[in-house]
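Secondary and tertiary structure notes
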Amino acid sequence: NKILLYFMKKFEKYIKTIYKDFPDFNISSIKKTGEGDNSKAFIINENYIFRFPKRKEVKQQVQREIAVLPKIKSYVDLKIPQFEFISPKINFVGYKTISGTPLTFEIYNSLNKKHQKLIRQSLANFLSQLHHIDTSIFNDCNLDIMDPKEEYAYNFEEAKKYIYPNISKPKQKIITQLFTEYLNNPENFNYTPTLIHNDFSKDHILFDTVNKPRLPAGREITGIIDFGDIAFGDPDYDLMYLQDEFGDYFLKKFFKMYKPKDKKNLLRKLYFFSLANKIQIILGNRNDTNSEDFKNGYKELNVWLKKFNSKK
């Protein structure tokens, strides 16, 4: 009881914020479950996740989720968040927890081949379902339309100004080669924009580590979360983190289910997306060179470049 009272007092500000908009909601327990650059998250009464955006632009992201998620629900088999509590000023949103833990490479690698195959099938089905939803139903959702050619051309120029002076010539050469290849290949932009999750990383893929042997086929993945970056864009981008976090071997087997038109070009494209993501993190933090994000950005870039160089 003392521990419960301590946490209730510690998070009193958030409890009061919820009670202000939902006075009839009885809060019996609260525990912080995560905090990133954008939001703080709490698990309340052990079965609700409440997210509190930190900035105005994050509230705009949440507003998009509020508009889009109910429209997606009937098109996908996996669970996605369904907001039951929405603050009128978007100070917070709350939804029933989706059981599971983020799917790591270690968890995936510990499973037998049958279960690994079911995971790949689940993810391939989800992305295929998401990418084939008629985009016209989201006309009133204020979603961004990604323009990768313009965005990456700008990133390339910025990288030459701000990153190249801090890295070796061989590393500059790899970056120049991949950006040039991507920007000069018309096939990379020969796609119809679809709805994309736009942040399809392992942290947002939930896996049931408790009941996996008893679950029916293809249900080891329990849900997909965090749709704050959802947009219209290149569907191939949603495979970037799968390549980055699970590797080429995973992806080649995944392709058998996802069935892309040109596997070789797609793999090269995903290498580029992964590199560009590292570049964007550094550029996004260049005004605070002492920040951990900035320093880690360079560490990750150097590791990535070394790894890519070893594949050639």
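See the structure shown above.
Cut-offs applied
- Residues numbered from 1 in each chain as written.
- Predicted model: local features only at pLDDT ≥ 70, side-chain atom pairs only at ≥ 80, totals over all residues.
- Heavy atoms only, no water.
- 1 Å grid on protein atoms, 1.4 Å probe; cavity = no way out; pocket = protein on both sides within 12 Å on 5 of 7 lines; lining within 4 Å.
- Points joined across faces, edges and corners; volume = space filled by probe spheres on them.
- Helix = DSSP H or I, 4+ residues; strand = E, 2+ residues; numbered from the N terminus.
- Nonpolar A, V, L, I, M, F, W, Y, C, P; charged D, E, K, R; others polar.
- Pairing = 2+ DSSP bridges.
- Axes fitted to C-alpha atoms, helices over the stretch in contact; angles between N-to-C directions.
- Contact = heavy atoms within 4.5 Å.
- Parallel < 35°, antiparallel > 145°, perpendicular 65-115°, else oblique.
- Left-handed = near helix turned anticlockwise from the far one by under 90°.

The computed volume of the second largest pocket comes to approximately 690 Å³. Lining of the second largest pocket is provided by 20 residues; of these, Tyr 191, Pro 235, Asp 236, Pro 260 and Lys 261 occupy positions nearest its centre. Ranked by residues supplied to the lining of the second largest pocket, first place goes to helix α9 (residues 263-284) with three residues. Each residue belonging to the lining of the second largest pocket can be placed in one class, and the counts come to five nonpolar, eight polar and seven charged.

One open sheet holds the five strands; their spatial order is β1-β2-β3-β5-β4, and the pairing between them is antiparallel. The open sheet has two edge strands with one neighbour each: β1 (30-35) and β4 (83-86). Ignoring which end each strand starts from, the neighbouring axes of this sheet average 25 degrees apart. Summarising the sheet, β4 and strand β5 (residues 93-96) pair through three bridges and their orientation is antiparallel. Each residue of the ladder has a partner; that of Phe 83, found in β5, is Tyr 95.

All right, on to the sheet that holds strand β9 (residues 221-224) then. Strand pairing within a sheet occurs via backbone hydrogen bonds; the two strands may be parallel or antiparallel. Strands sit in the order β6-β8-β9 across an open sheet of three strands; the sheet is antiparallel. Because the sheet does not close on itself, it has two edges, and the strands there are β6 (101-102) and β9. The pairing of β6 with strand β8 (residues 205-207) spans two bridges and is antiparallel. Of the residues in β8, the one forming a bridge with Pro 102 is Leu 206. Taken strand by strand, helix α5 (residues 113-131) contacts β8 and β9, and its axis lies near 30 degrees from that of β9.

Quick look at the packing of α9 against helix α10 (residues 292-311) now. Put simply, α9 and α10 touch, their axes get as near as 8 Å, and they point 155 degrees apart. On the basis of their axis angle, the class for α9 and α10 is roughly antiparallel. Between α9 and α10 lies a crossing whose hand is left-handed. The segment α9 lies against α10, with Arg 268, Tyr 271, Ser 274, Leu 275, Lys 278, Ile 279, Ile 281 and Ile 282 engaging Asp 293, Phe 294, Gly 297, Tyr 298, Glu 300, Leu 301, Trp 304, Leu 305, Phe 308 and Lys 311. Classifying every residue of the contact of α9 with α10 gives 11 nonpolar, two polar and five charged.

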